[in-house]
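Residue strings, one per chain:
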Amino acid sequence: MKISLNKAGGALSCLLSGRTMNYKGEIMMNDQLIKTEMLREMGWYIGEGVEERRSFFGKAKGKTITEQLQVNQNKQYISKQLIEIFALSPSRLDREMKYISNERWNASAAIGLASGKRIFCFPWLDDSVNEIIRARLQLCSNVLKKNNCILIIPIQSESIVEGFADEIIYLK
């Protein structure tokens, strides 16, 4: 199932990925109260990776894409399959997420799927989305849909998700 939201969905996207720690309201899914911890377990914010590791001297060091793919709680795929499915460039796999801007969404979606996430939340997309970003969005969307994941894509215009969104919900 995929859901696309209008501008008001940007905050909801962050919330459902478990990124908002200070939320004071209640979230209900299928008449069940959902806690923020549960959202963090199920949700994934596209563009991010797993937590940084600390070096011997206490400095934060990001994990490479390869290291993050090896989290692999989802036993359905091995890292090699995820690299192929998400069309990740082998030359970028030994880089940290912050150094692969062109493939960030693909890599992040692959890491989230490897981590067993079920709800994938994208950042707010306005009309400046170009064809390269739209193609990445469509690839991620198709792969995640085949894996029965929920996608939340906050958009400014329906044209961004035209042809691959199953449902568009307008929020006020």
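That block above? That's the structure.
Residues numbered from 1 in each chain as written. Predicted model: local features only at pLDDT ≥ 70, side-chain atom pairs only at ≥ 80, totals over all residues. Heavy atoms only, no water.

### Description of the pairing of strand β8 (residues 150-154)
What counts here: Relative accessible area decides the class of each residue, using a 1.4 Å probe on protein chains only: under 20% of the type maximum gives buried, over 50% gives exposed, and in between gives partly exposed. Helix and strand labels come from DSSP, where a helix needs a run of H or I of at least four residues and a strand needs a run of E of at least two; each type is numbered from the N terminus. Orienting the strands away from the viewer, one traces the path from the first strand over the helix to the second; a clockwise path indicates a right-handed crossover.
β8 sits mainly inside the fold: 4 of its 5 residues count as buried. In this fold, the crossover linking strand β7 (residues 119-121) to β8 by way of helix α6 (residues 131-146) has right-handed handedness.

### Some words on the packing of aromatic side chains
Using the following cut-off: Put simply, two rings from Phe, Tyr or Trp (the six-membered ring, in Trp's case) pair if the centres are within 6.5 Å, and we call them stacked under 30 degrees between planes, edge-to-face over 60, tilted for the rest.
One pass over the structure, following the stated rule, counts 1 aromatic pair. Seen in terms of ring centroids, W105 and F122 are 5.5 Å apart; in terms of plane orientation they differ by 80°. Their pairing is edge-to-face. Remark: F122 occurs in the loop between β7 and α6 and W105 occurs in helix α5 (residues 104-114); sequence separation between them is 17 residues. The class of W105 is buried, set by a relative accessible area of 14%. According to the relative accessible area criterion, F122 is buried, its value standing at 0%.

### A few points about the nonpolar core
Stated formally: Joining through side-chain atoms within 4.5 Å is the link that ties buried Ala, Val, Leu, Ile, Met, Phe, Trp, Tyr and Cys residues into a set, and such a set is a nonpolar core. In what follows, a contact means two residues having at least one pair of non-hydrogen atoms within 4.5 Å.
With 34 residues, the main nonpolar core has I65, F86, L88, L113 and L137 as its most contacted residues. Those elements giving two or more residues to this core turn out to be α3 (65-69), α4 (79-85), α5, α6 and β8. Beyond its immediate stretch of four places on either side in the chain, I65 contacts L88, R92, L93, R95, M97, I100, A107 and I111. By size, the runner-up hydrophobic cluster in this structure holds 10 residues, among which are C14, L16, L39 and C121.

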